[in-house]
Amino acid sequence: MKTRLHRTTVTVLCLAAWALAAGQDSGTTLKQAWEKHFLVGAALNPNVVSGKDSAAAAIVKAQFNTITAENAMKFGPTHPKSGEYNFKLADEFVDYGTKNGMAVIGHTLVWHAQTPRWVFQDGEAKAGRDTLLARMRDHIMTVAGRYQGRIHGWDVVNEAFDDDGTLRKSPWLNGIGEDFIEKAFTFAAEADPKAELYYNDYNVWKPEKAAAVIRLVKDLRSKGIRVDGVGEQAHWGFSYPKNGELKAMLQAFREAGIKVHITEMDISVLPNPWDYQGADIGKRFDELPGTNPYTEGLPDSVQAKLADRYAELFGIFLEYDDIVERVTLWGVDDGHSWLDYFPVRGRTNYPLLFDRQYRPKPAFDAVIRAAGTGK
Ligand code: G3I
């Protein structure tokens, strides 16, 4: 009994310390600092939702007002086999967001990755257009329909374009044709009429891609199909996008009357000799010497550089807060970032606002301070 009490006291003290630490130099939280401008959130994994990762869970409750499931709502986890759905993790995630009064983002309904092979097969042959459309409709009606009224917005279609603005040669495009995107948005509007509906992609700041996405949204809207916004994933680095490139993207969306969500933000601090920009999960490179330099910790100079980078990017979001609706970090703490595995496996990256001990980094303070700058 004594041991249990002691353990409880220690846990409570630790959580209080984390909550305090996550209160930072001014005591202001991320969601407070930015509340007049846009939502601020994070992608969560199941251990955060269940509370097993109690330190991350404490940060989420204190700091964020919107959440995205990093994987739990994707096609593979929710619909692993034909006719077989599994909603355990997705239900827990949506319940968590609802209970905590957070804007819950559904990610994602139609994507070429993390979609089981059976979806695109018909026995030994490739599934034809009608089969694929029926499967897509069933999936969207079942998944988005299940959470009807509880989801703030859905990433309806994810990563349908290549960086040059042409449509990605995905199994959805190959099997259905170019109208797979408008079909997905039509089904999603039917499944959850109140949820916002987004097109989501990485490298939307590249001019050809921005132009293609804007053309898509205008085309769908001209047909009476609802698209409420576009997500730029924001898997970025120190040198890309250039601030001018990001502003040009936001300006183009402002002129087109399209809202923007920064949906999966992280800033890689590691060397990038491959000069790879983006988040194509199919891309992998061999590790080169010198590309994993911070296994023992991040030098102060790089911490400071990361803080400056976050500050300048949030400063730009502030300039465009009339169209930027939300900024979501792709994870809570550096210890749980996909960037340790991409584009090469097994590196130690530091892309987020909280470190591996769940302490707020200088980048956190910089983001808080950036809310007081700008306009
Ligand atoms: O759940 C299985 C587990 O059962 C199994 O034991 C384990 C073995 O590797 O794999 C687990 O699945 C992994 C899953 O993450 C959950 O951890 C997959 O292998 C792994 O590929 C998957 O990676 C995710 C990736 O999307 C692929 O879908 C990343 O966590 C997630 O951060 C990343 O997120 C994407 C966005 O959805 C879209 N934009 C790009 C972004 C980064 O790639």
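Undergrad: Is there a simple way to explain the overall build of the protein in this structure?
TA: In terms of helices and strands, the protein carries 13 helices and 11 strands. Computed over the C-alpha atoms, the radius of gyration of the protein is 21 Å, within 12% of the 21 Å expected from 2.2 N^0.38 for a compact globule of 375 residues. Counting only C-alpha atoms, the protein reaches 60 × 55 × 45 Å along its principal axes. Carbon and sulfur atoms provide 52% of the accessible area of the protein, an area that totals close to 15,900 Å². Computed over 45 positive and 49 negative side-chain charges, the inter-centroid distance for the protein is 4 Å.

Undergrad: Any chance you could explain helix α12 (residues 300-319) here in plain terms?
TA: In an α-helix there are 3.6 residues to a turn, and that puts residues three or four apart on one side. Between its terminal C-alpha atoms α12 stretches 29 Å, which fits the 28 Å expected from 20 residues at 1.5 Å a residue. Within α12, burial applies to V302, Q303, L306, A307, R309, Y310, L313, F314, G315, I316, F317 and L318. Those residues of α12 that are buried lie in contact with β9 (235-237), α11 (243-256), β10 (260-268), β11 (324-329) and α13 (362-370).

Undergrad: When you look at the environment of V40 in this model, what are you seeing that I'm missing?
TA: By the element assignment, V40 lies in strand β1 (residues 39-44). Spatially, the C-alpha atom of V40 lies 9.4 Å from that of I262, the residues being 222 residues apart in sequence. Apart from the residues lying within four places of it in its own chain, the contact partners of V40 are L30, W34, F64, N65, T66, V327 and L329.

Undergrad: What is the right way to read the side chain of K209 from this model?
TA: Mapping K209 onto the fold places it in helix α10 (residues 207-222). Within the local environment of K209, its side chain forms a polar contact with the side chain of D163, the two groups lying 2.9 Å apart. The residues touching K209, leaving out its near neighbours within four places in the chain, are F161, D162, D163, G165, D201, Y202, N203 and V204.

Undergrad: Would you mind showing me how to read the site of the ligand here?
TA: Taken together, 15 residues form the shell around the ligand, and within it E70, K74, H107, Q114 and E264 come nearest. Here a nitrogen atom of the ligand sits 3.0 Å away from a polar atom, N or O, in the side chain of Q233. Between the ligand and E264 there is a distance of 2.7 Å, counted from a nitrogen atom to a side-chain nitrogen or oxygen. Expressed as a share of its isolated accessible area of 790 Å², the protein-covered part of the ligand is 51%. Partitioning the shell around the ligand into residue classes produces 5 nonpolar, 6 polar and 4 charged.

Undergrad: For this particular structure, what's the right way to read the pattern of salt bridges?
TA: It is possible for side chains of opposite charge to pair when their charged atoms get near one another. Per the counting criterion, the structure on display carries 18 salt bridges. Ionic pairing is found between R168 and D280, a salt bridge with its closest N-O pair at 3.5 Å. Placement of the pair is R168 in the loop between β6 (153-158) and α8 (171-176) and D280 in the loop between β10 and α12, with a sequence separation of 112 residues. Here R168 and D280 have matching classes, each one buried. Residues K209 and D201 are paired through a salt bridge, measuring 3.3 Å at the closest nitrogen-oxygen approach. Here K209 falls in the buried class, since its relative accessible area comes to 0%. Shared partners join several salt bridges into a network, and the residues in it are D163, D201, K206 and K209.

Reading the values: rules and limits
- Residues numbered from 1 in each chain as written.
- Predicted model: local features only at pLDDT ≥ 70, side-chain atom pairs only at ≥ 80, totals over all residues.
- Heavy atoms only, no water.
- Helix = DSSP H or I, 4+ residues; strand = E, 2+ residues; numbered from the N terminus.
- Rg over C-alpha atoms; globule rule 2.2 N^0.38 Å.
- Areas by Shrake-Rupley, 256 points an atom, 1.4 Å probe, with all protein chains shown as cover.
- Lys, Arg positive; Asp, Glu negative; His and termini not counted.
- Charge placed at Lys NZ, Arg CZ, Asp CG, Glu CD.
- Expected span 1.5 Å × (residues − 1).
- Buried < 20%, exposed > 50% of the residue type's maximum accessible area, 1.4 Å probe, protein only.
- Contact = heavy atoms within 4.5 Å.
- Polar contact = N/O pair within 3.5 Å; in protein donor to acceptor, adjacent residues only side chain to side chain.
- Near = heavy atom within 4 Å.
- Nonpolar A, V, L, I, M, F, W, Y, C, P; charged D, E, K, R; others polar.
- Salt bridge = Lys/Arg side-chain N within 4 Å of Asp/Glu carboxyl O.

The values reported here are purely geometric and, on their own, carry no functional implication.
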